[in-house]
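Summary of the model geometry
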Amino acid sequence: TNHYDRINYSRALPRPLETEVLLRAISHVSGVKGVDGNFFNVYGKPDLTSIPDRDMKPNLLQALHQLAGPTFTAKLSGKGGRVNHLLQTQVSDKDIIEELYLAALCRFPTETERISLTAMIRRRDSRREAVEDLLWAMMNSEQFLNNH
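Criteria and cut-off values
Residues numbered from 1 in each chain as written. Predicted model: local features only at pLDDT ≥ 70, side-chain atom pairs only at ≥ 80, totals over all residues. Heavy atoms only, no water. Helix = DSSP H or I, 4+ residues; strand = E, 2+ residues; numbered from the N terminus. Contact = heavy atoms within 4.5 Å. Buried < 20%, exposed > 50% of the residue type's maximum accessible area, 1.4 Å probe, protein only. Polar contact = N/O pair within 3.5 Å; in protein donor to acceptor, adjacent residues only side chain to side chain. Arc of directions from axis to C-beta.

**Brief notes about the side chain of Ser27**
By the secondary structure assignment, Ser27 is in helix α1 (residues 19-30). Beyond its immediate stretch of four places on either side in the chain, Ser27 contacts Val32, Lys33, Gly34 and Lys75.

Following this line, the structure appears as structure tokens:
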């Protein structure tokens, strides 16, 4: 009954993760640490001298950064990262999918998701590209980018 209530705080509304939290989440999920200075320029660097007033509305620059920015793309294939480790240890596609879901979305994939993603990985010429694409899609999903 409170689906359309936006003023009485009767339910939690999804909201974008704050800049620092998002960067840490991307680093955790990818397994590649380090700070991309451009990330703070795109998503807004907080003023640490006062309580930050943040503009949490997404913009075109953020969308382009998610598509091809180094924070998202370089961390996917980074040495010592999660994708690299999974492919070197030669675990099964099912185990790769489960680990990425747990790391990025904090849940196991549904049976339907697991079946379709396993088929997608097997259809691709490059297993590495398929796994990187899967992780990229998870890091760009609403479930990952928003606090809900």
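**Quick look at the environment of Val83**
For Val83, the location among the structural elements is in helix α5 (residues 82-88). Along the primary structure Val83 and Glu132 are separated by 49 residues, whereas in three dimensions their C-alpha atoms are 6.7 Å apart. Other than its neighbours up to four places away in sequence, Val83 contacts Leu76, Arg128, Val131, Glu132 and Leu135.

**Regarding the side chain of Asn84**
Relative to the elements of secondary structure, Asn84 occurs in helix α5. Its relative accessible area of 14% is what places Asn84 among the buried residues. There is a polar contact of 2.8 Å between the side chain of Asn84 and the side chain of Arg128. Apart from the residues within four sequence positions on either side, Asn84 is in contact with Gly78, Lys79 and Arg128.

**Notes on helix α3 (residues 60-68)**
Within an α-helix, residues lying three or four positions from one another point in the same direction, as the helix has 3.6 residues per turn. Every buried residue of α3 is accounted for by Gln62, His65 and Gln66. Buried residues in α3, looked at end-on, bunch into an arc of 100°, giving them a common side. Along α3, exposed side chains directed more than 90 degrees from the buried face belong to Leu60, Leu67 and Ala68.

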